[in-house]
Amino acid sequence: CPNDNAKVGEGLCGCGTLDVDTDGDGTPDCNDECPDDPLKTTEGLRGCGNSDVDTDLDGVPDLYDGCPADPLKTAEGACGCDVADTDSDGDGTADCNDECSDDPLKTAQGVCGCGITDTDTDGDGAADCNDECPNDPAKTAEGACGCDAAETDSDGDGTPDCLDGDYQPVALIDGGTTSDDSSNAFAADSVANTEGGEDSKSSTSVSLAPIVGAVCGLVVIVVAAGVTVEVRRRRRLATPKQGGGASVTDLEVGSGG
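Below: a short report on this structure. Model, not experiment: these values are computed from the prediction. (Residues numbered from 1 in each chain as written. Predicted model: local features only at pLDDT ≥ 70, side-chain atom pairs only at ≥ 80, totals over all residues. Heavy atoms only, no water.)

## Considerations on the side chain of Asp-122
- Relative to the assigned elements, Asp-122 resides in the segment before helix 1 (161-164).
- In this structure Asp-122 is buried but unpaired, with Lys-139 as the nearest side chain of opposite charge at 11 Å.
- A polar contact is formed between the side chain of Asp-122 and the backbone nitrogen of Asp-136, at a distance of 3.3 Å.
- Not counting chain neighbours up to four residues away, the residues in contact with Asp-122 comprise Asp-131, Cys-133, Pro-134, Asn-135, Asp-136, Pro-137 and Lys-139. (Helix = DSSP H or I, 4+ residues; strand = E, 2+ residues; numbered from the N terminus. Buried < 20%, exposed > 50% of the residue type's maximum accessible area, 1.4 Å probe, protein only. Lys, Arg positive; Asp, Glu negative; His and termini not counted. Salt bridge = Lys/Arg side-chain N within 4 Å of Asp/Glu carboxyl O. Polar contact = N/O pair within 3.5 Å; in protein donor to acceptor, adjacent residues only side chain to side chain. Contact = heavy atoms within 4.5 Å.)

Below is the structure:
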């Protein structure tokens, strides 16, 4: 190097350039893209001063890898590192955030669970899956009367109107009627005793007028409106077979019309 006062030989860098190795990495500055970075001799992807280490070997240096330890992801995404952002049912919600990952119509189980819509057809606040009467906004269970029929009990007798029909109660009372309406009452005479007992003369009146409430000591017969009822009552002495000494009352009821 006749024109270089600092060198007598070309060395690694040639005449006119010192063979200085600033970072001491064994590569002279003239051949070192990162002369101040002892860990790098080229800028690489991250530049001088930054390591190009790729921990998960996914081809993206850790500096640019949002999930440096997850070879399948370079960003956290919806589910975070180490969890795939798979959307099995294609509803736009990743499985990690979708309670119904196989149901494209739901992302949460809701009232009815996955695979069943939470539809409330009659708008009564109960989903059809839990509503025995999905088309009846007044009922969520069939009850005694079934859907679309109210469980009203107008007369308060414990039987809903749908099962109560047109029945009216009447009563038998010895020696009298159940109401002042004598036009609805009739008398029944005693009949002959064919079993060897002694007949007793008695008269029983029956009123077809409704009786409201319970009456102690009465025998109550329920008949349908429009049915003719014939009542015959007889009183006889008990036979030995029945335990003599006690009286037995037979009540016969026949209907016609």
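From this point, the discussion proceeds with the structure in view.
## Side note on the pattern of salt bridges
- Applying the stated rule across the entire model yields 5 salt bridges.
- For Asp-52, the salt bridge goes to Lys-40, with nearest N and O atoms at 3.2 Å. Separated by 12 residues along the polypeptide, Asp-52 in the segment before helix 1 and Lys-40 in the segment before helix 1 bring together distant segments of the chain.
- Classification of Asp-52 by relative accessible area gives partly exposed; the value is 30%.
- In this structure, the salt-bridge partner of Lys-106 is Asp-118, at a minimum N-O distance of 3.3 Å. Linking Lys-106 in the segment before helix 1 with Asp-118 in the segment before helix 1, this pair joins segments that are 12 residues apart in sequence.

## Regarding the side chain of Asp-65
- If you trace the backbone, Asp-65 turns up in the segment before helix 1.
- Of the side chains with opposite charge, Lys-73 comes closest to the buried, unpaired Asp-65, at an N-O distance of 9.9 Å.
- At a separation of 2.9 Å, a polar atom in the side chain of Asp-65 contacts the main-chain amide nitrogen of Cys-67.
- Here Asp-65 is in contact with Asp-56, Asp-58, Val-60, Lys-73 and Thr-74, once residues within four sequence places are set aside.

## Examining the state of the cysteines
- One pass over the structure, following the stated rule, counts 9 disulfides.
- The side chain of Cys-13 participates in a disulfide bridge whose partner is Cys-30; the two sulfur atoms lie 2.0 Å from each other. Between Cys-13 and Cys-30, the S-S torsion sits near -80°, and that sign places the bridge as left-handed. In this pair, Cys-13 is assigned in the segment before helix 1 and Cys-30 in the segment before helix 1, connecting sequence segments 17 residues apart.
- Judged by relative accessible area, which is 17%, Cys-13 ranks as buried.
- Using a relative accessible area of 34% as the deciding quantity, one classes Cys-30 as partly exposed.
- A sulfur-sulfur separation of 2.0 Å characterises the disulfide bridge that pairs Cys-34 with Cys-48. The chirality of the disulfide connecting Cys-34 with Cys-48 is left-handed, given an S-S dihedral of about -80°. Here Cys-34 is found in the segment before helix 1, whereas its partner Cys-48 is found in the segment before helix 1, with 14 residues between them in sequence.
- The buried category is assigned to Cys-34, whose relative accessible area is 1%. (Disulfide = S-S within 2.5 Å.)

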